[in-house]
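Now for the letters of each chain:
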Amino acid sequence: MENKILNSFLDAMSSERNFSKNTLLSYAYDLKKFEKFQLNNNVKIIESSRHHIEEFLKSEFDVGLSSATRTRRLSSIKQFFKFLLDEDWRQDNPAIKIKLTNKKRSLPKLLSVTEVETILKTAKSIGKTPYSKAMNTALFELLYSTGMRVSELLSLPLVSLLGQPEMLLISGKGGSERLVPVSSQAKSAIENWLVERNKLPRNRKSKYLFPSKSKNGHLNREVFFRLVKKVATFSKLDAENISPHTIRHAFASHLLGNGADLRVIQSFLGHADISTTEIYTHIINDNLKNLVVKHHPLSGYKNNG
């Protein structure tokens, strides 16, 4: 956002509405969040449509932000576009008729530990050659061990895994860096993969852990997505609801379910905002609630089995 426009808006809110410093900071924070969302869609914030604003609010809803926070977000956006309209920077206010929805958000599919174990076991057997089997095993073990984003996993530099490190340095969104754990199973899988990887002369020249002939020089994400679906199908799981991101969810949810601190999980996942990580508390809480409903003697649940 052009600083001139934002500063003009905040000055107007301060002088005309006599807003407190904290309120102005909240407005600025909300608009920066919206601007970042729009930049990811290659849209300037002052050119936003009603659809853009609704998509932003939906994304905030999907990560579990409270109704109060989302209401404030919408208020900030409405005030901002009213200001743009008043100052002739726009000819309309696209946010004026938008209302918040309280439709139940769709939580990600939560894989059980047993289901993940089945996926990891299946990955070891998928592939026609020792090369592909070793690669598939390393991919899935690393994904579940670290909770990396798929783009981070596929573009891992080879040097980051040399020497069997206990922690792996990940370069994430916006150039941010973080440390993630590497399990003993993942380290073993990587060791086996490196043996097979380096049997191909062309791979020895690549800087990536998972090299390929793609234009990026590393394994293509579409190829990996198809592999995940194949492994899920062979594992007799619902492939439609399983993706690399589902395994990332499993990493976080299983850590949380076993007592890990939410801030630690936030750090591992590379979330800039703790509210994004908090969705996992909803998943765990919903599962615990269902457990009580199903097994408590006074819950009224009837097992027809």
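If you're wondering where the values come from, they're calculated on a predicted model, not measured in any experiment.

Asker: Would you explain the pattern of salt bridges in this entry?
Answerer: When charged atoms on two side chains of opposite charge get close, those side chains can pair. Applying the stated criterion to the full structure yields 11 salt bridges. Glu 152 is paired through a salt bridge with Arg 149; the nearest N and O atoms lie 2.7 Å apart. On the basis of relative accessible area, Glu 152 is assigned to the buried category, the value being 6%. Residue class for Arg 149 comes out buried when judged on its relative accessible area of 14%. Note that Lys 187 is salt-bridged to Glu 166, the shortest N-O span being 2.7 Å. Here Glu 166 lies in the loop between helix 7 (150-154) and strand 1 (167-171) and Lys 187 lies in helix 8 (residues 184-197), a separation of 21 residues in the sequence. Among the residues examined, Glu 166 registers a relative accessible area of 54% and is labelled exposed. The network of salt bridges with common partners includes Asp 30, Glu 60, Arg 72 and Arg 73.

Asker: Would you explain the packing of helix 3 (residues 50-62) against helix 4 (residues 67-86) in this entry?
Answerer: When two helices pack together, their arrangement is given by the angle between their axes and by how far apart the axes lie. Look at helix 3 against helix 4: their axes get within 10 Å of each other, and the N-to-C directions meet at 160 degrees. Of the possible angle classes, the one that applies to helix 3 and helix 4 is roughly antiparallel. Classified by chirality, the crossing of helix 4 by helix 3 is right-handed. Contacts from Ile 53, Phe 56, Leu 57, Glu 60 and Phe 61 of helix 3 reach helix 4 at Arg 70, Arg 73, Leu 74, Ile 77 and Phe 81. When the residues that make up the contact of helix 3 with helix 4 are grouped by side-chain class, the tally is seven nonpolar, no polar and three charged.

Asker: Explanation requested: the packing of aromatic side chains in the structure shown.
Answerer: The way to describe two aromatic rings as a pair is by their centre distance and the angle between their planes. Tallied over the full model, the rule gives 11 aromatic pairs. Both rings, one in Phe 9 and one in Tyr 27, keep their centres 6.0 Å apart while their planes meet at 20 degrees; by these two values the pair is stacked. Of the two residues, Phe 9 sits in helix 1 (residues 3-16) while Tyr 27 sits in helix 2 (residues 21-40), which places them 18 residues apart along the sequence. Taken individually, Phe 9 and Tyr 27 each receive the classification buried, so the pair is uniform in this respect. Ring centres of Phe 83 and Trp 89 lie 5.8 Å apart, and the angle between their planes is 50 degrees; on these two criteria the pair is classed as tilted. Assessed through its relative accessible area of 38%, Trp 89 is described here as partly exposed. Among the aromatic residues, those joined into a cluster by ring pairs are Phe 9, Tyr 27, Phe 80, Phe 81, Phe 83 and Trp 89.

Asker: Sorry if this is basic, but what is going on with helix 10 (residues 221-234) here?
Answerer: Within an α-helix, residues lying three or four positions from one another point in the same direction, as the helix has 3.6 residues per turn. If you check helix 10, its first and last C-alpha atoms are 20 Å apart, about what 14 residues at 1.5 Å a residue would give, namely 20 Å. Within helix 10, the full set of buried residues consists of Phe 224, Leu 227, Val 228, Val 231 and Ala 232. Mapping the buried residues of helix 10 onto a view down its axis gives an arc of 135 degrees, with all of them on the same face. Exposed side chains of helix 10 directed beyond 90 degrees from the buried face belong to Arg 226 and Phe 234.

Asker: What is the right way to read the nonpolar core from this model?
Answerer: Across soluble globular proteins, you tend to see nonpolar side chains buried next to one another. In terms of nonpolar packing, the biggest core is built from 42 residues, with Leu 139, Phe 140, Leu 153, Phe 210 and Phe 224 touching the most fellow members. Looking at this core, the elements that each hand over two or more residues are helix 5 (113-125), helix 6 (130-146), helix 7, strand 1, helix 8, helix 10 and helix 11 (244-257). Per-element tally for this core: the top contributor is helix 6, with seven residues. Non-local contacts of Leu 139, meaning those with residues more than four positions away in its chain, are made with Leu 153, Leu 154, Phe 210, Leu 219, Phe 224 and Leu 227. Counting residues in each nonpolar core, the second largest holds 23 residues, with Phe 9, Met 13, Leu 57 and Leu 84 among its members.

Asker: Would you take a moment to explain helix 3 for this structure?
Answerer: An ideal rise of 1.5 Å per residue puts 18 Å on 13 residues; helix 3 measures up with 18 Å between its terminal C-alpha atoms. Listed in full, the buried residues belonging to helix 3 are Ile 53, Phe 56, Leu 57, Glu 60 and Phe 61. Across the axial projection of helix 3, the buried residues extend over an arc of 140 degrees, all falling on one side. Where helix 3 is buried, its residues meet helix 2 and helix 4. At the C-terminal side of helix 3, Gly 64 shows a positive phi close to 95 degrees.

Asker: Any chance you could explain the environment of Leu 143 here in plain terms?
Answerer: Relative to the helices and strands, Leu 143 is located in helix 6. The exposure class of Leu 143 is buried, given its relative accessible area of 0%. Along the primary structure Leu 143 and Leu 153 are separated by 10 residues, whereas in three dimensions their C-alpha atoms are 6.9 Å apart. Residues contacting Leu 143, with those up to four places away along its chain left out, are Met 148, Leu 153, Phe 224, Pro 244 and Ile 247.

What counts and what doesn't
Residue positions are given per chain, counted from 1 along the sequence in the order it is written. The predicted nature of this model means local features are confined to residues of pLDDT at least 70 and side-chain atom pairs, given and counted, to a pLDDT of 80 or more, with totals for whole chains, interfaces and linings taken over all residues. Derived side-chain values reflect all non-hydrogen atoms in the structure, with water molecules and hydrogen atoms excluded from consideration. In the sections that follow, a salt bridge refers to a side-chain nitrogen of Lys or Arg positioned within 4 Å of a carboxyl oxygen of Asp or Glu. Only protein chains enter the accessibility calculation, which uses a 1.4 Å probe. A residue is then buried if its area is under 20% of the maximum for its type, exposed if over 50%, and partly exposed in between. To qualify as a helix, a DSSP run of H or I must reach at least 4 residues; to qualify as a strand, a run of E must reach at least 2; elements of each kind are numbered from the N terminus. Lines fitted to C-alpha atoms define the axes here, with helix axes fitted over just the stretch in contact, and angles between the N-to-C directions of these axes take values from 0 to 180 degrees. The scheme is simple: roughly parallel for angles under 35 degrees, roughly antiparallel for over 145, roughly perpendicular for 65 to 115, oblique for anything else. When the near helix sits turned anticlockwise from the far one by under a right angle, the crossing is termed left-handed; a clockwise turn instead gives a right-handed crossing. Contacts are assigned to residue pairs with any non-hydrogen atoms lying within 4.5 Å of each other. Following the grouping adopted for this structure description, the nonpolar residues are Ala, Val, Leu, Ile, Met, Phe, Trp, Tyr, Cys and Pro, the charged ones are Asp, Glu, Lys and Arg, and the polar ones are all others, Gly among them. Here a Phe, Tyr or Trp ring, Trp counted by its six-membered ring, pairs with any other such ring whose centre lies within 6.5 Å, and the pair is stacked when the planes are under 30 degrees apart, edge-to-face when over 60, and tilted otherwise. Multiply 1.5 Å by the residue count of a helix minus one, and that product is the helix's expected span. It is the directions from the helix axis to the C-beta atoms that the arc portrays. Throughout, nonpolar core names a set of buried Ala, Val, Leu, Ile, Met, Phe, Trp, Tyr and Cys residues whose side chains join them through atoms within 4.5 Å.

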